[in-house]
Structures are given as structure tokens and as C-alpha cells.
Amino acid sequence: MTISVAERAELRTAVGELLADKCTEADVRRVMETEDGYDADLWRALADQGVLGMLVDADHGGMGFGALELEAVAEETGAALQPAPFISSAVLTVALVNAAGSAEDSARLLPGLADGTSIGTVAITGKKGTWTPEGVEVRADADGKLTGEAHYVTWGQAANVILVVASTGDGVGVFEVAPDAEGFTRTAATVFDPSVRLSTFTFAGTPARRLGTAGWEAVAEALDYAVIASAGEQAGGTRRIFDMTIEYLKTRVQFGRQIGSFQALKHMAADLLIEVENATSAAQHAAAEKAAGSADAAGAIALAGFACAEAYETVSMNAIQMHGGIGFTWEHPAHLFVRRARTGLQLFGGTRLHRERYLVSKGA
């Protein structure tokens, strides 16, 4: 479904207002310390607002939106540092069911993902974290039983809809595993950013059910949406920490002057503003190209995949320096943005893979 620019802005504003009320810095810190890692009340509120069903067709209880709406909302979730399985469940899992599942699969899985009663995840890559067909380390035998390990599984401990990408005799397939399946073990990983939970999945002759007949092309399609959403979150986070830093420069007084009046800090701020605008443009351009079905979509998504992640790290790291000593303390939120930025450098392919894909898209 296509909505107007004004309607998209209203959607983004509504999500931003919800997060401003229910996902403050204090909320983020509180939720990070919990076992589940996300706020169930906020999750239900996002479902009620239609956020979790943005990519779900209206026939299955969703909104039927696309990449443009997804990116716009992701800028708000990223700015709020929302600790929740939004990209894992509402984006990656839904997109993979859309791409690989049969009509029966969609009817069975999508309504719960849209209304928030189900939380989904997709196990894709092995220990090297390449997010490529060659990096898949789970194998499926002729009976559909899975063996091997998947790493960096987003929100794997919370998920009850579990999709696994596994090597088959003729490529890769997408399989569904029951949470209590025999031979299935999930282990929470130690993470740098506790607002993004990761797991390791181990399979030992685990029974699984294949979704449709699609192969890596369906996984690649789902990853496109995950990268767009991640780029949107990174753009939103980059702008938020930049705005916080500028506000600090305007109010902090040293040697009788606002520190923002110092020439060196002015130059740093100007350079960081370029990073903010570049990240925003890259994320929005990738979404627009995907929504239009453009032949240049692959290159635009790859560009957003590395440009937004690197801009986020650059701005958040410099923000700590520009805040001075207080920026290094646990009590200041700057380090929360750094942690999210560093995590985003690696997920869903990492900046090196996205650069290679961008070069390939340009015929280099």
C-alpha cells in the first residue's frame, strides 16, 4: 500500500511521540537490565499502532506498507535507542515469510507477528558472520533435520517463531523450527550493547519444516529490508546524538564562554553535520529505490549499509569527546549511542561486505 508523504510524516510523528513517552533514556536503561531485554507494554503499544505489521499484508492483519514507511519509522526507533526485537521480528522475519513462505505459511505466521503475540527471528550466518550463502553453517538432510550452529541470531532467546537458513543438497532453504524441538539449543551471547540481544543456536538432528521452495534469493530479499531498517535506525541515532551534542555546546560554559563558540568545536560540529545528512540521505535513498523496484536498489542498499553505520560510529565517538569528561561516564547517554553504533557495524553483513556489494553494483 502506498501512502502520501504527509501520511508518512504523520506515521513517523505518532511513533516518535509514543517512544518519547514510553522509551526514555531511563526506560532504555531499565529494560536493558531485564532478562527479556524489551518492554512488553511498549511492544503491545507498537503493535496497536501498526508498527509491527508494517510489512504484513492487510489480509493477515498488517498495514501492507513498504520500504519508505519502514525507514521513516526506523529513524524514530533508532533515535530512541529502542531496545526491542523490532528489526528481528517485524522486519527480517516478516520479510522472509513474505519472500519464502507459502500462502499457508503466511496465514499461519504473519498475524501473530503483526499483533505482537509472536516474536520472530532468523538464524542465518555461522561463526564468521559473513551473512552470505557460503557463511551458512547449518545443514539440512533429506528428511529436513538440521545440524550445525548459527551465530549472531537477533533476539534469539525471546523468539517463538524461529526460521533457520540451512544448506541443502542444492543450495540453501528456509526452515521453521519449533521452540521446543528436539536437539535445539539456544544460548545467549555476551553482547557489547545490551539493548540488542544476540544468541547462538545449536542444532543436533533437529526436526524442521521447510518454508516453500525458495533459496538464498528470499534470504537476500529479507536482508534488504533489514539493512534498510538498520540504516534508518542508524540515521536516526546519528541525528539524535548530534543534536544532543550541539545542545551541550550551546549550554556548557568554560572560561566564561559557551564552548560552542570555540573555533575547533565549530569545525568539528560542521564536519559531523555532514555525516548526519549523508546518513539520512543514504537511508532514505535506499528505501526509495527499493520501494520503486529500481534496478539501482542493490547499490543504494549497499551504500546505506556502510555509510550509515560508519557515520553513526563517527558522530557518536566524536560526541563523547565533545562532551568532555562527562561523556565518558556511565551516567551520560553518549556511550549508549556508541554501543548501538558499534553493534550496527557488524550485523546483517557488516560494512566490508556492503562496500564490496556496492562496488559490484557499479561494475567495479
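The structure presented is a predicted model; accordingly, all values stated were derived computationally and were not measured.

Looking now at the overall build of the protein chain. Looking only at helices and strands, the protein chain has eleven helices and ten strands in total. Here the C-alpha radius of gyration of the protein chain, 20 Å, is about what a compact globule of 364 residues would show, namely 21 Å. Projected onto its principal axes, the C-alpha coordinates of the protein chain cover approximately 75 × 45 × 40 Å. Counting every position in the protein chain, which comprises 364 residues, the buried fraction comes to 55%. Long-range contacts, defined here as pairs at least 24 residues apart, represent 75% of the contacts in the protein chain between residues at least 6 apart.

The next point concerns the UniProt feature "domain: Acyl-CoA dehydrogenase/oxidase N-terminal" (unreviewed entry) in the protein chain. Under the present numbering, the feature "domain: Acyl-CoA dehydrogenase/oxidase N-terminal" (unreviewed entry) in UniProt falls on residues 7-116. This span, residues 7-116, is 67% helix and 0% strand, and a straight line between its end C-alpha atoms measures 23 Å.

This part is about the domain arrangement of the protein chain. By domain assignment, the protein chain separates into domain 1 (5-115), domain 2 (120-215) and domain 3 (217-362). Taken together, the contacts link 26 residues of domain 1 with 33 residues of domain 3. Summed over both partners, the interface of domain 1 with domain 3 buries about 2,300 Å², with 71% contributed by carbon and sulfur atoms. Among the residues of domain 1 in contact with domain 3, R29, L81 and I87 are the three that bury the most area, contributing 25% of the side total. At the junction of domain 1 with domain 3, the criterion picks out zero salt bridges. Applying the counting rule to domain 1 against domain 3 returns six residue pairs in polar contact (both at pLDDT 80 or more). Looking at the side of domain 1 that touches domain 3, the elements with two or more residues in it are helix 2 (25-32), helix 4 (67-79) and helix 5 (86-100).

For the rest of this paragraph, the subject is unusual backbone geometry. Its identity is not glycine, yet W155 carries a phi of approximately 55 degrees, on the positive side. Its location among the elements puts W155 in the loop between strand 3 (145-154) and strand 4 (161-168). Relative accessible area serves as the criterion here: at 4%, W155 is assigned to the buried category. With phi around 60 degrees, F348 is a residue other than glycine that occupies positive phi space.

In this structure the tally under the stated criterion is 21 salt bridges. K290 is the partner of D224 in a salt bridge, and the nearest nitrogen-oxygen pair spans 3.1 Å. Of this pair, D224 sits in helix 7 (residues 216-251) while K290 sits in helix 8 (residues 263-292), and the two are 66 residues apart along the sequence. By relative accessible area, which is 14% here, K290 ends up buried. Taken together, the shared-partner salt bridges connect E104, D105, R108, E176 and R209 into one network.

In contact at an axis separation of 6 Å, helix 4 and helix 7 are set at 40 degrees when each is read in the N-to-C sense. What the angle tells us is that helix 4 and helix 7 run oblique. Where helix 4 crosses over helix 7, the two elements pack in a sense that is right-handed. Taking contact as the criterion, the partners of A67, L70, E71, A74, E75, T77, G78 and A79 in helix 4 are, on helix 7, Y225, I228, A229, G232, E233, A235, G236, G237 and R240. Along the lines of polarity and charge, the residues of the contact of helix 4 with helix 7 split into eight nonpolar, five polar and four charged.

With six of seven residues buried, strand 5 (residues 171-177) is to be regarded as a mostly interior element. In this sheet, strand 5 lies alongside strand 4 in antiparallel orientation, the contact comprising seven bridges. Paired with V165 across the bridge in strand 5 is V174. Between the antiparallel neighbours strand 4 and strand 5 lie two residues. Sheet analysis places strand 5 next to strand 8 (residues 209-210), joined by two bridges and oriented antiparallel. The residue bridging E176 from the neighbouring strand is R209, located in strand 8.

Residues of helix 3 (residues 40-48) that are buried: L42, W43, A45, L46 and A47. Considering only its buried residues, helix 3 is in contact with helix 1 (5-22), helix 5 and helix 6 (103-115). For helix 3, the N-terminal capping position is held by D39, with its side-chain oxygen 2.9 Å away from the main-chain nitrogen of D41. Looking one or two places after helix 3, you find G50, whose phi comes out positive at around 90 degrees.

Taken as a whole, the largest pocket holds about 330 Å³ of empty space. Lining the largest pocket are 19 residues, and of these Y152, L198, T343, Q346 and L347 sit closest to its centre. Of all the elements in the fold, those that place two or more residues in the lining of the largest pocket are strand 7 (198-207) and helix 10 (334-344). Here the element with the most residues in the lining of the largest pocket is strand 7; it accounts for three residues.

Rules and cut-offs
- Residues numbered from 1 in each chain as written.
- Predicted model: local features only at pLDDT ≥ 70, side-chain atom pairs only at ≥ 80, totals over all residues.
- Heavy atoms only, no water.
- Helix = DSSP H or I, 4+ residues; strand = E, 2+ residues; numbered from the N terminus.
- Rg over C-alpha atoms; globule rule 2.2 N^0.38 Å.
- Buried < 20%, exposed > 50% of the residue type's maximum accessible area, 1.4 Å probe, protein only.
- Contact = heavy atoms within 4.5 Å.
- UniProt positions renumbered as here; feature names shortened; annotations may be inferred.
- Domains from an automatic or database assignment.
- Buried area = accessible area lost by both parts, 1.4 Å probe.
- Salt bridge = Lys/Arg side-chain N within 4 Å of Asp/Glu carboxyl O.
- Polar contact = N/O pair within 3.5 Å; in protein donor to acceptor, adjacent residues only side chain to side chain.
- Axes fitted to C-alpha atoms, helices over the stretch in contact; angles between N-to-C directions.
- Parallel < 35°, antiparallel > 145°, perpendicular 65-115°, else oblique.
- Left-handed = near helix turned anticlockwise from the far one by under 90°.
- Nonpolar A, V, L, I, M, F, W, Y, C, P; charged D, E, K, R; others polar.
- Pairing = 2+ DSSP bridges.
- 1 Å grid on protein atoms, 1.4 Å probe; cavity = no way out; pocket = protein on both sides within 12 Å on 5 of 7 lines; lining within 4 Å.
- Points joined across faces, edges and corners; volume = space filled by probe spheres on them.

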